[in-house]
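Reading the structure
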Amino acid sequence: MMVRLVERIRAELGVELPIRTLFDNPSPSALAHRIAREPGVEARLTTGAAPWEPVLPLRAQGTRPPLFCVHPVVGDGFGYVGLLRSLGPDQPVYALQGTGPANGRWRPATMGGLAAEYVSRVLEIQPKGPYRLLGWSFGGVLIHEMAVQLRERGERVELLAMLDSVPPNEHDRRAHADAVGEADVIRALLDAVGAPPEEIAAVDGGRVPEPEELLRLLAPALGASAPADPAALDALIDTCRYHGELMVRWVPRVYDGDLLSFTATAEARRAGTVGRATAAELWGPYVTGPVVDHPVDAQHLQLVEPGHIDFIGRVVAGELARRDDR
């Protein structure tokens, strides 16, 4: 609902609002006054700068240990807002978001360095454990390393949960031995949004879609995360390239705990994929405890849509409740 409202405000008024503004101005009159007072609020998308704050407090209130959610490869945490419906009013939820050169910030050169930066963000909000971590796609790989680092500090990690995350492998490292380029990102984006195979293959031949065409293709699939113009598209591609390069060069370490996983199954079923590795097979070498996986009949990008995110939220809520009772 909040993501749709942000999209509607952008479409009708040409104003970019971070979701946090809706929490700060919960009534229609307060939101109207805020928009009227600063009609260009958060319009940095038009200059190519990422509008994301490092930490997005989806719900800052509550007495329970916070749930920290780490962004997917595109860098924003808007999708996690759907979890609030299932987690209850006493569960604080924070989304950690990507930042980079678009707003003048230095970026760590390794996955471990980025995880250390994100751990510092977590510690500013919650200085002591137990910690509850959740990540989607690239974010799952990142929270795994965050959990390892928190354990090295002697902290307790109470929950490590991933949405359709796959650890990097040797094949990826060999394929991208030099770097992850813009063409690699565009090919992956086209594949993720279901572009025709011939359009994806054409990227290898140097035929990259024009920015306007890419914007048209990305808009329905990425929703509130979709770039608004070519400058914002450049920033998105750069963010994806940076995160992708960290990913393919990373060798996960071993986390001494359990893993809760959610696997999107619709794409594999439609493609008739046989022998696809399970979450336990993929992550088993990198955790010491059991891997509990929940299949979700959705595509990768659909996991945060209503229905799917509600199922995920209910499972996570149950896991957190069990930990509260310990």
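Preceding block: the structure.
Residues numbered from 1 in each chain as written. Predicted model: local features only at pLDDT ≥ 70, side-chain atom pairs only at ≥ 80, totals over all residues. Heavy atoms only, no water.

Structural notes on helix α14 (residues 308-324)
Taking 1.5 Å of rise per residue, 17 residues should cover 24 Å, and α14 covers 24 Å from first to last C-alpha, within 8% of that figure. Summarising the contacts, the buried residues of α14 are in contact with β2 (67-70), α4 (84-87), β4 (131-136), β5 (157-163), β6 (259-264) and β7 (291-296). (Helix = DSSP H or I, 4+ residues; strand = E, 2+ residues; numbered from the N terminus. Expected span 1.5 Å × (residues − 1). Contact = heavy atoms within 4.5 Å.)

So, the pattern of salt bridges
A complete count under the given rule lists 18 salt bridges for this structure. Glu158 is the partner of Arg132 in a salt bridge, and the nearest nitrogen-oxygen pair spans 2.7 Å. With Arg132 in strand β4 and Glu158 in strand β5, the pair connects residues that are 26 residues apart, well separated along the chain. In this structure, Arg132 and Glu158 share a single accessibility class: buried. Several salt bridges converge on common partners, so that one network encompasses Arg64, Arg132, Arg156, Glu158 and Asp324. (Salt bridge = Lys/Arg side-chain N within 4 Å of Asp/Glu carboxyl O. Buried < 20%, exposed > 50% of the residue type's maximum accessible area, 1.4 Å probe, protein only.)

Some points on the packing of aromatic side chains
One pass over the full model with this rule turns up three aromatic pairs. Here Phe68 and Tyr94 contribute two aromatic rings whose centre-to-centre distance is 5.7 Å and whose plane-to-plane angle is 20°, an arrangement assigned as stacked. Here Tyr94 lies in strand β3 (residues 93-96) and Phe68 lies in strand β2, a separation of 26 residues in the sequence. Take Tyr94: its relative accessible area is 11%, and that puts it in the buried class. Ring centres of Trp283 and Tyr286 lie 6.0 Å apart, and the angle between their planes is 75°; this geometry places the pair in the edge-to-face category. Taken individually, Trp283 and Tyr286 each receive the classification buried, so the pair is uniform in this respect. The ring of Tyr242 is capped by Arg107, whose NZ or CZ atom sits 4.2 Å from the centre of that ring. (Phe/Tyr/Trp six-rings, centres within 6.5 Å; stacked < 30°, edge-to-face > 60°. Lys NZ or Arg CZ within 6 Å of the ring centre and 35° of its normal.)

What about the pairing of β2?
On β2, burial covers both faces: Leu67 and Cys69 on one face and Phe68 and Val70 on the other are all buried. As judged from the four bridges shared by β2 and β3, these two strands associate in the parallel manner. Following the sheet pairing, Leu67 is matched in β3 by Val93. Taken together, the four bridges between β2 and β4 define a ladder with parallel strand orientation. Paired with Cys69 across the bridge in β4 is Leu134. (Pairing = 2+ DSSP bridges.)

Some details on the nonpolar core
When a protein is soluble and globular, its nonpolar side chains tend to lie buried together. Counting residues in hydrophobic clusters, the biggest one holds 36 residues, and the most contacted among them are Leu96, Met111, Leu133, Leu142 and Met146. Elements that contribute at least two residues to this core include exactly β2, β3, α5 (111-125), β4, α6 (138-152), β5, α11 (230-248) and α13 (279-283). With eight residues, the single largest contributor to this core is α6. Residues in contact with Leu133, not counting those within four places in the same chain, are Leu67, Phe68, Ile143, Met146, Ala147, Leu150, Val157, Leu159, Leu160 and Ala161. Of all hydrophobic cores here, the second largest spans 31 residues; its members include Val93, Leu134, Ala264 and Val296. (Core = buried A, V, L, I, M, F, W, Y, C linked by side-chain atoms within 4.5 Å.)

Points about the sheet that holds β4
The strand order across the open sheet formed by seven strands is β1-β3-β2-β4-β5-β6-β7, and the pairing between neighbours is mixed. Where the open sheet ends on each side, the last strands, each with one partner, are β1 (55-59) and β7. Neighbour-to-neighbour, the strand axes of this sheet turn through a mean angle of 20°, independent of strand direction. Here β1 runs beside β3; their pairing, made up of four bridges, is antiparallel. (Axes fitted to C-alpha atoms, helices over the stretch in contact; angles between N-to-C directions.)

Keep in mind these values describe shape, not function.
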